[in-house]
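Topology and contacts: notes
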Amino acid sequence: MTALKLLHVVGARPNFPKLAPVHRAAAARGLEQFVLHTGQHYDDSLSAAFFRDLGISEPDVNLAVGSGTHAVQTARIMERIEPVLAEQRPDWVVVYGDVNSTAATSLVAAKLGLPLAHVEAGLRSYDRSMPEEINRMVTDRLADLLLTPSPDADETLRREGEPESEIVFVGNVMIDSLHFALAAARQSGFRSKIGADDCTIVVTLHRPSNVDDPRRLLEIVSALREIAEERPVVFPIHPRTEQRLRDAGACLGRVHVLQPIAYLEMLDLVAGAAAVVTDSGGLQEETTALGVPCLTVRENTERPITVTEGTNRLVPDPRELVAAVRAARRPETWAAPAGWDGRAGERVVDALLARARVVGERSLTQ
Ligand code: UD1
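Read on for a plain summary of the structure. Along each chain, the written sequence defines residue order, and numbers are assigned to residues from 1. Local features in this predicted model are restricted to residues of pLDDT 70 or higher, and side-chain atom pairs are both shown and tallied only at a pLDDT of 80 or more, whereas totals for entire chains, interfaces and linings draw on every residue. No hydrogens and no water enter the side-chain calculation; it runs on all heavy atoms of the structure.

1. What to know about the site of the ligand
Our working rule: What makes a residue near a molecule or strand is one non-hydrogen atom of that residue sitting within 4 Å of it. Residues adjacent in sequence count toward polar contacts only when both atoms are side-chain atoms; beyond that, a polar contact is any pair of N or O atoms within 3.5 Å, and within protein one must be able to donate a hydrogen and the other to accept it. Per-residue and other accessible areas follow the Shrake-Rupley method at a 1.4 Å probe size, with only the shown protein chains counted as cover for residues. By definition, any uninterrupted DSSP run of H or I lasting at least four residues is a helix, any uninterrupted run of E lasting at least two residues is a strand, and each is numbered from the N terminus. Only Asp, Glu, Lys and Arg are considered charged in this grouping, and only Ala, Val, Leu, Ile, Met, Phe, Trp, Tyr, Cys and Pro are considered nonpolar; every other residue, Gly among them, is considered polar. As annotated, the domain borders come from an automatic or database domain assignment.
Within the structure, the ligand sits among 19 residues, and Q40, H41, Y42, E132 and H206 are positioned closest to it. Backbone polar atom of N100 to an oxygen atom of the ligand: 2.8 Å apart, as the coordinates give it. Relative to its free-state accessible area of 750 Å², the ligand is covered by the protein chains to the extent of 84%. Looking at the shell around the ligand, the elements that each hand over two or more residues are α3 (70–88), α5 (131–142) and α11 (239–248). Of the residues that constitute the shell around the ligand, the class distribution is five nonpolar, nine polar and five charged. Each of two domains, domain 1 (5–171 + 341–365) and domain 2 (189–327), supplies a minimum of three residues to the shell around the ligand.

Right under this line is the structure:
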């Protein structure tokens with residue numbers, strides 16, 4: 001059998017730590033690989049810095065789609081990716097997570113008849129006001145191989161009628177990157193450089209449901225200011241959030257605001273934090289793997305295992321945030337969920353190879 005060719009599609013910050021371990025594992029098996037960056041994220045701090053920190057080589061092509069409304073961004077990706085997929089004709093198109101780049105690629109790959117694998121399949125918040133929920137549903141419906149991070153995701157896909165043969169539990173690729181980079185992150189000295197200590201609270205916010213509604217945004221800011229009167233609070237700000245804070249005329253008091261920071265810097269901060277306040281999906285998982293308390297400012301989570309087996313707690317009402325931070329404690333002992341062990345990338349490649357063989361044998365007998 002000739003070596004398989006994988007075409008990976010990434011576009012936004014959370015995709016990069018998911019790509020890295022799969023790319024490394026596929027390279028170790030001698031597979032041919034092509035990395036396509038849609039250009040959804042283009043700032044160095046949200047994109048190129050992650051490639052450097054994670055040791056991923058430059059993308060083979062960058063579609064430079066940039067920002068826009070959801071329809072505009074999705075349409076631009078579809079238009080520009082179609083000729084590349086048609087020309088490359090990989091054995092697998094591999095997409096990651098729930099961003100617009102993932103859903104746009106899935107539609108194009110499915111219509112070109114290219115086998116599609118979804119890494120991080122089966123997550124659901126059951127909240128269709130989140131753009132990511134729509135992206136997850138569309139992608140999972142179209143994918144031929146559903147690679148899941150946790151057993152609840154397998155259950156969800158079964159309930160939705162996906163065939164058993166397409167569902168493979170591989171574990172959490174994001175945690176592979178955490179294992180890969182943690183020592184270098186701790187050595188970066190970033191925490192001490194910015195004066196963070198064991199009492200420091202790390203904050204990230206960027207979801208439209210939190211930052212696009214000025215009233216809710218100001219309620220969260222008010223809680224953060226109060227927390228910052230008691231202990232250090234560090235807040236690396238996503239460009240979208242920075243804009244919304246400016247529009248709302250928010251004043252952050254003693255909160256230590258930073259520009260978006262690189263992967264290693266963030267990992268160093270989070271690993272040493274007393275607690276994390278966030279609405280990010282990735283941070284809910286990273287804190288669970290690290291045993292750091294996480295307070296998620298959302299009504300729901302598509303990652304329930306971080307609550308049932310991890311350190312995550314949902315705090316839907318910003319007025320409860322101050323008390324929740326005061327009460328947060330690191331667990332005395334903890335264990336990461338099954339499959340969050342640093343080997344998920346290898347299991348993704350195993351599944352791609354095994355399933356390609358099934359698809360290949362089927363076409364030979366037809
Ligand atoms: C996207 C993902 C979200 C992910 C987040 C991580 C979707 C639907 N959302 O949200 O799931 O958690 O990335 O960051 O795909 N901008 C810049 N520089 C950039 C990119 C964006 O300044 O390099 C600004 C622009 O003003 C842009 C805004 O951020 O309009 C939002 O960017 P966009 O890619 O649309 O969504 P995110 O909020 O980043």
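2. Let's talk about the sheet that holds strand β10 (residues 256–258)
To keep it simple, the criterion reads: At least two bridges found by DSSP between two strands is the condition for calling them paired. Axis definition: a line fitted to C-alpha atoms, over the contacting stretch in the case of helices. Angles run 0 to 180 degrees between N-to-C directions.
Strands sit in the order β10-β9-β8-β11-β12-β13 across an open sheet of six strands; the sheet is parallel. Of all strands in the sheet, those bounded by a partner on one side alone are β10 and β13 (312–314). The average undirected angle you get between the axes of adjacent strands in this sheet is 20°. Relative to strand β11 (residues 275–278), strand β8 (residues 201–204) runs parallel, the two sharing four bridges. Looking at β11, one finds that I201 is bridged to A275.

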